[in-house]
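Chains, contacts and geometry: an overview
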Amino acid sequence: MIKLSNITKTYKADGVETNALKGINLTIDSGEMTAIVGTSGSGKTTLLNIIGAMDTASSGQYTFNEIRVTELNKNKFREFRKDNISFVFQHFELMTMYDVYANVEMPLIARDVPRRERKKIISQCLEKLQIADLASKYPNHLSGGQQQRVAIARALAADTKVLLADEPTGALDNNTSNTLMKVFNEIRDLGKTVIIVTHDMNIARQCKRIIKIDDGIITESIEKS
Amino acid sequence: MGVCVRNLKLLKYSFSNVALHLYRNIQYILTLSLSIILISFAFITFFGLNSAYDACNRVLSAGMKNSGTIRSLDHKLISDKGLAFLDELQNQDIIDSFGSSDLRGNDILTDLVDTQRGHTQNYGYELSKVLEVLTMNPALFNFCNINIDEGERISNLDFSDESLIYLYLGHAYKNKVELGKTYQSNYNTSYKVAGFLGKDSQWINPNIALLFDSAKPTYNLDYAVIMLIKYPNTDSIFFNTEDNFEETRKLILEAAKAHGFTVAVGSLQTVYDTASTDNEILADYIKQLTGIVLLSSIIIMSCLSTVMIYYNKAQYGIFLAVGFSEQDIIKMLVFEMLLKILLSLMLAFPIARFLSINWFAGAETSFINDIMWDKTFPIVLAVAFLVTLVSWIIPITIFKKTPVTKMIMR
Ligand SMILES: Nc1ncnc2c1ncn2[C@@H]1O[C@H](COP(=O)(O)OP(=O)(O)O)[C@@H](O)[C@H]1O
Ligand SMILES: [Mg+2]
């Protein structure tokens, strides 16, 4: 489903060039639950952003189910992201001025989903993440684990094939992190492709596949049977 | 249908963005309000000057080219000698029509004082019993073609009794004072209401020499009290002559010298010409000032909106990450912009209106308030939009150039 060949990424900032990715070759199948692990600064976020069409590669090929993502123009690129990718962030990135319901509603509005249907989808998503009772609460009044559930519900509402999560447990304690990983597994069971970036091996171990990255290069790819 | 819903939601998002971050937006709104107020006044002054020009031209072309003022420089006109001087001017046919404006401290014309209170340029006297009157001789009254709505025409009046002074009252007195009413004063003088003037009658501003450059040269007579007198009793006299103005002027100066005092004689035309030059300088100055106000507003507002974009960049990043497009966000910014313009106008216009009503409270300057609504409002509205639009060029460019990943990045 996702196929990266020879992907590189070079950042230029203040005249200094950083080679964040130095030739990534990677294939991820549909319905997989993959962890990308590596130390801080190894290029995990950069890789995830390229997969998620948040950023463009400097060179190489990225194909997504027949779509040559690296060849899309700006608008098609954005459309591709909207149609296929949802994100979960380390710091949740919820809108603090809207309640949980309105937060989960956002991707549906961006996709012009009619009101009645929005309502149905939102209650399903909230139900799935067991936060239906929080619908009218504001993010600032919720615990970290609850906020991340809202963020996942938001990602789920968009109904994309792929869910990308950058250090989703980075701001949470161990217990909460482990429960959350169960949630991700449940989402994978719904048929979604889930890619989680983490520097924590304990978290990575809960995924079916682990890809180790070091200094912009994949050093290891472990598949559990 | 769906797009419409999305736009509505975007509108709602921008609305709550402004409402919930009011403290952040308030600086922006205050700056915009301030420049709206300043620009309003710049334009009001500008249009005020033009309107004064127009009115001057109308006055001059209506046959007032031979009009002017005699001003006593040593304040001796109010005396028996002054009367003798004016007598001579009239008897020798040097001038025949004259008048002036005057203030009368008066205990007997109290109902006139009450009606007039608050409607004259001398609003400083509002609480006292001072009546502002226009004194003129019948010749000037005739010359000015003042329209009498009700009462006796001047040719039908009997001037044989010198202790009886006729009054013509402005339209505002019509239902307050009876026609023919006679007031008896202690000094063996009496006043009789001879008629009422038509609504919106005009007369040339009695203080023309002093106010030419800043106010309307014509004068609405609705609250005026006109006293028909033989000679005015002030140090500044308005006159008209049918002869060559320059010659008349020489004769007046000679006559004054013979009577032992110094007067200045100015023609309306020269006053107008001097005022025109002054006005052009003032207009240039206002233009520059307006430019500075516009420019500094644009700079300040550009900075504020850039800061605002920076503040909200995480939020816009989220919008993009959940599937909204750049256009959606620019739409949101435009909605926000419109909302802030609206709020600024709602703040600025009442203030500008309030200030202008207070500053231009006098009967002679109140026309400036009308200018504000008739001419200034649409222009200021357009300018406010333009300034805001321009001030968003930089922030929107910054927004478009910032990659999504950098927006969410902490
Ligand atoms: N926007 C950027 N500009 C310049 N350098 C960057 C940028 N983002 C990341 N980098 C650099 O690229 C490398 C990889 O970063 P990143 O992908 O964020 O690593 P990780 O997520 O594994 O911590 C780092 O050396 C980082 O400093
Ligand atoms: Mg990272």
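In case you missed it, the structure is sitting above this.
Calculation notes
Residues numbered from 1 in each chain as written. Chains lettered and ligands numbered in written order. Predicted model: local features only at pLDDT ≥ 70, side-chain atom pairs only at ≥ 80, totals over all residues. Heavy atoms only, no water. Pairing = 2+ DSSP bridges. Helix = DSSP H or I, 4+ residues; strand = E, 2+ residues; numbered from the N terminus. Contact = heavy atoms within 4.5 Å. Buried area = accessible area lost by both parts, 1.4 Å probe. Salt bridge = Lys/Arg side-chain N within 4 Å of Asp/Glu carboxyl O. Polar contact = N/O pair within 3.5 Å; in protein donor to acceptor, adjacent residues only side chain to side chain. Buried < 20%, exposed > 50% of the residue type's maximum accessible area, 1.4 Å probe, protein only. Phe/Tyr/Trp six-rings, centres within 6.5 Å; stacked < 30°, edge-to-face > 60°. Lys NZ or Arg CZ within 6 Å of the ring centre and 35° of its normal.

With that settled, consider the pairing of strand β2 (residues 16-28) of chain A. Residue and element names in this part refer to chain A. Pairing geometry for strand β1 (residues 2-13) and β2, over 10 bridges, is antiparallel. Its bridge partner lying in β2, leucine 4 is registered against leucine 26. Between β1 and β2, which pair antiparallel in sequence order, lie two residues; one of them, aspartate 14, sits at a positive phi of approximately 50°.

All right, on to the interface of chain B and chain A then. With 24 residues of chain B in contact, the opposing surface of chain A contributes 24 residues. Summed over both sides, the interface between chain B and chain A buries roughly 2300 Å², with carbon and sulfur atoms accounting for 61% of that surface. Where chain B packs against chain A, one counts three salt bridges. With a closest N to O distance of 3.3 Å, glutamate 326 of chain B and lysine 74 of chain A form a salt bridge. Counting across the chain B and chain A interface gives six residue pairs in polar contact (both at pLDDT 80 or more). Taken together, the elements giving at least two residues each to the side of chain B that touches chain A come down to α1 (2-20), α9 (313-321) and α13 (404-408) of chain B.

Let us now look at the pattern of salt bridges. With the rule as written, the count across this model stands at 22 salt bridges over all chains. For lysine 174 of chain B, the salt bridge is made with aspartate 149 of chain B, and the minimal N-O distance between the two is 2.5 Å. Taken as a pair, lysine 174 of chain B in the loop between β5 (164-169) and β6 (182-184) and aspartate 149 of chain B in strand β4 (residues 148-151) lie far apart in primary sequence, 25 residues in all. Aspartate 149 of chain B gets classed as partly exposed once you look at its relative accessible area, which sits at 39%. Salt bridges sharing common partners tie together Glu32, Lys208, Arg209 and Glu223 of chain A.

Throughout the structure, instances matching the rule amount to 16 aromatic pairs over all chains. With centroids separated by 5.8 Å and ring planes inclined at 15°, the aromatic side chains of phenylalanine 239 of chain B and phenylalanine 245 of chain B adopt a geometry described as stacked. We classify phenylalanine 245 of chain B as buried; its relative accessible area is 9%. Members of the aromatic cluster, connected to one another through ring pairs, are Tyr98 of chain A together with Tyr13, Phe319 and Phe324 of chain B. Lysine 340 of chain B extends its terminal NZ or CZ atom over the ring of tyrosine 28 of chain B, reaching a point 4.6 Å from the ring centre.

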